[in-house]
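Given next are the chains, with one letter for each unit.
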Amino acid sequence: MHAYRTHNCAQLNKENVGDTVRLSGWIHRKRDHGGVLFVDLRDHYGITQIVADEDSPALTLLDSLRLESVITIDGDVKARDAEAVNANLPTGDIEVFARSVTVQSNADELPLIVNSAEDYPEETRLKYRFVDLRRERVHNNIMLRNQVITSLRRRMTDQGFSEFQTPILGASSPEGARDYLVPSRLHPGKFYALPQAPQMFKQLLMVAGFDRYFQIAPCFRDEDLRADRSPEFYQLDFEMSFVTQEDVFQAIEPVLAGVFEEFANGKAVTPAGEFPRIPYAETMLKYGTDKPDLRNPLIISDVTHHFTSSGFGIFEKIVGGGGVIRVIPAPNTNEKSRKFFDEMNDWAKREGFAGLGYVTRKGGEFGGPIAKNHGPENMAKLYDELGLGENDGLFFAAGKEKDAARLAGAARTRVGETLELIEQDCFKFCWIVDFPMFEYDEEQKKVDFSHNPFSMPQGEMEALENTDPLEILAWQYDIVCNGYELSSGAIRNHRPDIMYKAFEIAGYSKQDVDENFSGMIEAFKLGAPPHGGSAPGIDRIVMLLADEPNIREVIAFPLNQRAQDLMMGAPNAVEPRALRDVHVRTVEPPKQPG
RNA sequence: GCGGGUGUAGCUCAGUUGGUUAGAGUAUCGGCCUGUCACGCCGAGGGUCGCGGGUUCGAGUCCCGUCACUCGCGCCA
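Residues numbered from 1 in each chain as written. Chains lettered and ligands numbered in written order. Predicted model: local features only at pLDDT ≥ 70, side-chain atom pairs only at ≥ 80, totals over all residues. Heavy atoms only, no water.

K.L.:
Just checking my understanding: could you explain the overall build of chain A for this structure?
P.N.:
Across its full length, chain A carries 18 helices and 24 strands. Along the first, second and third principal axes, the C-alpha set of chain A runs to 95 × 70 × 55 Å. A buried classification covers 48% of the 594 residues belonging to chain A. Across chain A, the fraction of contacts at a sequence separation of at least 24, relative to all contacts at a separation of at least 6, is 66%. (Helix = DSSP H or I, 4+ residues; strand = E, 2+ residues; numbered from the N terminus. Buried < 20%, exposed > 50% of the residue type's maximum accessible area, 1.4 Å probe, protein only. Contact = heavy atoms within 4.5 Å.)

Right, here's the structure in full:
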């Protein structure tokens, strides 16, 4: 007989009645009836009820063991009486009568209870993550993650992509997010950087002629965290040669739609081939963000032209100063109290905005200061233009275009949530396309790249030479699902001449480019295919599929909000000798903990 | 860096207008119970009310400061 088990804890059923078996697992729960004791024995696969009565030599020992102790049971499979069958348990037709028990490991009093769905503080959960991971919800999340990754890998391979590994120790680059740095022992004063993404390497693999690359790639960014942002995360990184933007879309839509359909539990998923493409300018206007949640039916409109001389002083002033007025409809709010509208305004102020104006409408009657100043005829005209009804309220976001769009976007989300307009049980995908190549940097008072400097500008060299830089669009695209940015990608700029020119527009010399991106620019001088790709975030995909609000729920051992590992104690101070080895001296002594 | 929320028993929480010895559930320990499956019943132990200062006859409660966790803004091409 095997040392630990003949079956797992989900395997036994009626057909095993009479068998002598050996099971191992954790004591999930105990029910002690004096003369008879029930133990729910749990392993990765499931739960089996163990029973011991006064005829069982195992009774006393079993009774003395604490929850979560690990035991091995030798016993006999018995059918349960009809009234004792547990229909909720796959093994509920049987139980195992314990003949003997071996304690593999005793458990102390637990910091959190495994057999409960109770919400524990993250601090406790992360400190004892190995216990937390035994709990059903997180255990299932991590297994879902495994299945999603397996499925993604299969789908990519089926499409002719090959999996590669790229270096973890790389070169730091001034572009983009802050790097995690690793000091070099052999090269005093020099540092490696952990990859923010394998961007350069995957492009070099295209230059090397591999045609279709993918990788489940670990990425590291030393920036502050959010609920959907971890400093280390995984991307389905892929790149393709000799492709247009359209080819990239056609390659990845079936993968994403496929994996979502596979694990969405019947929720509706935007079908492959039907992901809407929304230009950046349009999404910023209609949704006030570059990651719109299309489950929210509300659409923002620009009504600036109505307020050039409206009689409403604040708006006139804003419009006169080059600002814009955006509106968010609040459908069927005729029954809503004034408090509802005022609280939206309070919320906007708390968020740091100047405020959120509003117009109420009840049975066709307009209310609120904006309507009063603007006049009922003008308001009716505006409502007709927007196609609004006689019981629809309207929120106003006014200011410089960027601020007004951001406020309108946040207000759209809040109005949609408050009025419960967000469609449930669906995954709505879209592409955001036509990102601007450049933007005007108000702080530095110069034109700069607005997103990725290595994207190919639409119109290529001709556009760079003959178009206002702020008008140039890039072959760059994001995939958005339910308001989460799942990936960003681009058709890359593989032409050194266009690269130099693009950087020149952003104020960088040929020498700057050569110094900072020598590896890539040199490669492009030796025969580079046109190529492009993208990199959907795996943690966010799993988070959406698991219906979790936080990325840490789908990571086995996540760092906390301050990028610490509470279980292992990272980051930690190191021996002075270790610092000497890598030629590092700390300036401030680390704070004494506690 | 900035703003919001939270912090009371191992854990989850309650604690009124500032007023007796800070409570409940759960876990732990002890006792009872032969059919439970969140078993039930009886009992016990368990507290730096995050920390420091202040106001007050009196502070878990009010004020100031600070720390930790968390959510958001900045940041994240």
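K.L.:
What is the right way to read the sheet that holds strand S5 (residues 94-105) from this model?
P.N.:
Two strands in a sheet stick together by hydrogen bonds in their backbones, pointing the same way (parallel) or opposite ways (antiparallel). The strand order around the closed barrel built from five strands is S1-S2-S3-S5-S4, with neighbouring strands paired in mixed fashion. Strand-to-strand, the axes of this sheet are offset by a mean angle of 55 degrees, without reference to chain direction. Summarising the sheet, strand S3 (residues 47-53) and S5 pair through two bridges and their orientation is parallel. Within the sheet, the bridge partner assigned to Val 51 lies in S5 and is Phe 97. (Pairing = 2+ DSSP bridges. Axes fitted to C-alpha atoms, helices over the stretch in contact; angles between N-to-C directions.)

K.L.:
Looking at this structure, I do not really get unusual backbone geometry. What am I missing?
P.N.:
Keep in mind that most residues, glycine aside, have a negative phi and that most peptide bonds are trans. Cis geometry marks the peptide bond from Ala 570 to Pro 571, where omega comes out at -5 degrees. With respect to the secondary-structure elements, Pro 571 resides in the loop between helix H17 (538-545) and helix H18 (576-581). Positive phi values are uncommon outside glycine, yet Glu 420 reaches one of about 55 degrees. Along the chain, the position of Glu 420 falls in the loop between helix H12 (401-418) and strand S18 (426-427).

K.L.:
What should I look at first to understand the pairing of strand S2 (residues 36-42) in this one?
P.N.:
A regular strand places its side chains so that they alternate between the two faces of the sheet. In terms of burial, S2 is a largely internal element, six of the seven residues being buried. Two elements, strand S1 (residues 20-32) and S2, share six bridges in a ladder whose sense is antiparallel. Across the sheet, residue Lys 30 finds its bridge partner in S2, namely Val 39. With antiparallel pairing between neighbouring strands as the criterion, S1 and S2 make up a hairpin whose turn holds three residues, including Gly 34 at a positive phi of roughly 80 degrees. Across seven bridges, the pairing between S2 and S3 is antiparallel. Paired with Asp 40 across the bridge in S3 is Gln 49. The loop that links S2 with its antiparallel partner S3 comprises four residues.

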